[in-house]
Amino acid sequence: MALTFLSLTNDVISRMNEVQLTSSNFTDARGVQIQCKNAVNEAIRYINQKEFGYPFNHATETATLVPGTVRYTLPTSAKHIDYNTARIKKNTDLNVSGTNLVKLDYNEYISKEFANQEDDIVSTTLNGSHSSSVTTLTLTSTTGFAASGTVHIAGEQVIYSAISGNDLTGCTRGASSTTAATHSSGVKVAQFDNGSVPQYIVRTLDNNYLLYPFPDKEYTLTFDYFTFPDDLTAHGDVTTIPDRFAPIVIDGASGFVYQYRGEMQQYQLNFTRFEQGIKNMQSLLINKYEYVRSTVVYRPSRFSGGVSF
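Figured I'd write up the structure that's included with this text. (Residues numbered from 1 in each chain as written. Predicted model: local features only at pLDDT ≥ 70, side-chain atom pairs only at ≥ 80, totals over all residues. Heavy atoms only, no water.)

Side note on the pattern of salt bridges
Operational definition: Every case where a carboxyl oxygen of Asp or Glu lies within 4 Å of a side-chain nitrogen of Lys or Arg is listed as a salt bridge. Helix and strand definitions follow DSSP, with helices as H or I runs of at least four residues and strands as E runs of at least two, each counted in order from the N terminus. The buried label goes to any residue with under 20% of its type's maximum accessible area, the exposed label to any with over 50%, and the partly exposed label to all in between, with areas taken from a 1.4 Å probe on protein chains only.
All told, the structure shown has nine salt bridges when counted by the stated rule. Residue Asp 251 pairs with Arg 15 through a salt bridge whose shortest N-O separation is 2.7 Å. With a gap of 236 residues between them, Asp 251 in helix H4 (residues 246-261) and Arg 15 in helix H1 (residues 5-15) connect regions that are remote in the sequence. Relative accessible area serves as the criterion here: at 9%, Asp 251 is assigned to the buried category. You can call Arg 15 partly exposed: its relative accessible area is 35%. Where salt bridges share partners, they join Arg 15, Asp 251 and Arg 273 into one cluster.

What follows is the structure, given as structure tokens:
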């Protein structure tokens, strides 16, 4: 049975010897019942903050890259990214065999002058939606675009022959073996001469990521990460923590309630069990053991080349 917000709260309420809640009156909690609800979320947050790599918080991101786009945003729920797992997926249609990306430090990205790639891209957005057959594309701005050339819109390449105001005219849709498609207003339009299959992934200073070189096609990027779950709110909300660790959550939540009440002895007893329970979770789920220094003392042996204790 999953650990719902209601079941966890009632387990804590029982330890407090108070009246339990039901699904119908859960939102009408009063007094110590509210404290117990708050304490459950506080205990779960504490458990999740103590460790980045709990397997029950594991997730996989699969993102379609945008040609001419260097910087990307992480999933909003992401707590820790394992950049060593980042890779471009195999796609025979895009002529990419699949490759693992190398993690690169942001300062190194700057010092190697890789950041200059960002100056090679001219981009804007579509002004209005466009069908797959129109031969004139209206942009928000054509500043910086060549008088004639190729632009990238999602997975489509478009060759145009001239510019008139903010319009690209004489367009050949679905150029270079791409597929002509309908595009919504606001979709990015990019022009560049370089770009390729990305080889490096870089964590940015705002805790997102960028790619070098920037993609020239809609490659698929995938990587593993660990989430930081949202607080429980409704009575039926379920925590990601497995059922077998319910006593740890309850120890922690009970400890917080005792702390609210000023019952420090009970708080210390429960919180000590809580902390030990978290260590057990880490050992069981992540093989994380406390380091123990050896106290064995070695001394020279009476025998040549030997060691005695």
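Anyway, onward from the coordinates.
Brief notes about the environment of Ile 44
Our working rule: Two residues form a contact once any of their heavy atoms are found within 4.5 Å.
With respect to the helices, strands and loops of the structure, Ile 44 is situated in helix H2 (residues 32-49). With a relative accessible area of 8%, Ile 44 lands in the buried category. Sequence separation between Ile 44 and Thr 240 is 196 residues, and the spatial gap between their C-alpha atoms is 9.4 Å. Residue contacts for Ile 44: discarding those within four places in its chain leaves Leu 8, Leu 232, Thr 239, Ile 241 and Val 249.

Section: the packing of aromatic side chains
So the rule is basically this: Aromatic pairing here means that ring centres of Phe, Tyr or Trp (its six-membered ring) are within 6.5 Å. Orientation follows from the plane angle: under 30 degrees is stacked, over 60 is edge-to-face, and everything else is tilted.
Summed over the entire model, instances satisfying the criterion amount to 17 aromatic pairs. Where Tyr 46 meets Phe 274, the ring centres are 5.3 Å apart and the plane angle is 40 degrees; that geometry is what we call tilted. On the criterion of sequence distance, the pair formed by Tyr 46 in helix H2 and Phe 274 in helix H5 (residues 264-286) is long-range, its members being 228 residues apart. Of the residues examined, Tyr 46 reaches a relative accessible area of 22% and is grouped as partly exposed. Ring centres 5.6 Å apart and planes at 80 degrees place the aromatic pair Tyr 209 and Phe 223 in the edge-to-face group.

Some remarks on the sheet that holds strand E16 (residues 220-227)
For clarity, the threshold we go by: Strands pair, by our definition, only if DSSP identifies at least two bridges between them.
The antiparallel open sheet is built from four strands, whose spatial order is E1-E16-E3-E4. Either end of the sheet is taken by a strand with one partner, and the two such strands are strand E1 (58-64) and strand E4 (99-100). Pairing of strand E3 (residues 78-88) with E16 involves six bridges; the strand directions are antiparallel. Paired with Asp 82 across the two strands is Asp 224, which belongs to E16.

Focus: the pairing of strand E9 (residues 156-160)
A large share of E9 lies buried, amounting to four of its five residues. Two successive antiparallel strands, strand E8 (residues 149-153) and E9, enclose a turn made up of two residues, where Ala 154 displays a positive phi of approximately 55 degrees. Relative to strand E12 (residues 172-175), E9 is paired through two bridges, and the arrangement is antiparallel. For Ile 159, the partnering residue across the bridge sits in E12 and is Thr 172.

A look at the nonpolar core
Selection criterion: What is meant by a nonpolar core is a set of buried Ala, Val, Leu, Ile, Met, Phe, Trp, Tyr and Cys residues, joined one to another through side-chain atoms within 4.5 Å.
Core analysis: the biggest nonpolar cluster contains 35 residues, and Val 40, Ile 47, Ile 241, Phe 274 and Met 281 have the highest contact counts within it. Every element with two or more residues in this core is listed here: H1, H2, H4 and H5. Setting aside residues no more than four positions away along its own chain, Met 281 makes contact with Ile 47, Tyr 54, Phe 56, Ile 241, Phe 245, Ile 248 and Ile 286. Ranked by size, the runner-up nonpolar core spans 19 residues in total, among them Ala 63, Val 96, Leu 101 and Phe 223.

Some details on the side chain of Thr 4
Mapped onto the elements, Thr 4 comes out in the segment before H1. On the basis of relative accessible area, Thr 4 is assigned to the buried category, the value being 18%. Residues contacting Thr 4, with those up to four places away along its chain left out, are His 235, Gly 236, Asp 237 and Val 238.

With respect to the pairing of E8
Note on strand geometry: in a regular strand, side chains alternate between the two faces of the sheet. Here five bridges tie E8 to E9, and the two strands are oriented antiparallel to one another. Pairing of Ile 153 across the sheet is with Glu 156, part of E9.

Description of the sheet that holds strand E7 (residues 137-138)
As summarised here, the arrangement of the three strands in space is E7-E11-E10, forming an open sheet in which the pairing is antiparallel. Edge positions in the open sheet fall to E7 and strand E10 (162-164), since each of these has one partner strand only. With three bridges connecting them, E10 and strand E11 (residues 167-169) associate as antiparallel partners. Bridge pairing links Ile 163 to Leu 168 in E11.

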